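# Structural description and commentary
Each chain is listed here by its residues.
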Amino acid sequence: MSTLLIKHAQVLVTMDDHHREIPDGGLFIRDGFIEHVGPTAELPLTADEVLDLTGHIVLPGLINTHHHFYQTLT
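Residues numbered from 1 in each chain as written. Predicted model: local features only at pLDDT ≥ 70, side-chain atom pairs only at ≥ 80, totals over all residues. Heavy atoms only, no water.

### Comments concerning the pairing of strand S1 (residues 3–13)
As paired elements, S1 and strand S2 (residues 21–30) share 8 bridges and run antiparallel to each other. Each bridged residue has a counterpart across the sheet, and for Leu4 the counterpart in S2 is Ile29. Sheet topology note: the S1/strand S5 (residues 57–58) ladder contains 2 bridges and is parallel. Directly across from Leu12, in S5, lies its bridge partner Val58. (Pairing = 2+ DSSP bridges. Helix = DSSP H or I, 4+ residues; strand = E, 2+ residues; numbered from the N terminus.)

Next up, the structure:
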């Protein structure tokens, strides 16, 4: 079982039914599945891999399935 801890995101946008935005948020992921979402202080302390995303915005589960990269040049 592999685990990933993402912590200290400037804001974590859940896009759940309540449209929560969690400052200093993070995720705990086990075997590719999000197991816990919340403030960094409420997440486990350790994992196989830990990412500190200070200064970043996290949109867990958002998959962009259609993008025109050439449009970024215009």
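### Points about the pattern of salt bridges
Evaluated as defined, the whole model comprises 2 salt bridges. A salt bridge links Arg20 to Asp16, with the shortest nitrogen-to-oxygen separation between them at 2.7 Å. A residue is classified by how much of its surface remains accessible, and Asp16, at 22% relative accessible area, is partly exposed. The shortest N-O distance in the salt bridge between Arg30 and Glu35 comes to 2.8 Å. Its relative accessible area of 27% is what places Arg30 among the partly exposed residues. (Salt bridge = Lys/Arg side-chain N within 4 Å of Asp/Glu carboxyl O. Buried < 20%, exposed > 50% of the residue type's maximum accessible area, 1.4 Å probe, protein only.)

### Details of the pairing of S2
The pairing of S2 with strand S3 (residues 33–39) spans 6 bridges and is antiparallel. Looking at S3, one finds that Phe28 is bridged to His36. As consecutive antiparallel partners, S2 and S3 are separated by 2 residues, and within that stretch Asp31 has a phi angle of approximately 50°, a positive value.

### What about the environment of Leu59?
Along the chain, Leu59 turns up in the segment after S5. For Leu59, a relative accessible area of 34% translates into the label partly exposed. A C-alpha to C-alpha distance of 18 Å links Leu59 and Glu42, two positions 17 residues apart in sequence. If we skip the residues at most four places from it in the chain, Leu59 touches Val13 and Met15. (Contact = heavy atoms within 4.5 Å.)

The analysis is restricted to geometry; functional conclusions fall outside its scope.
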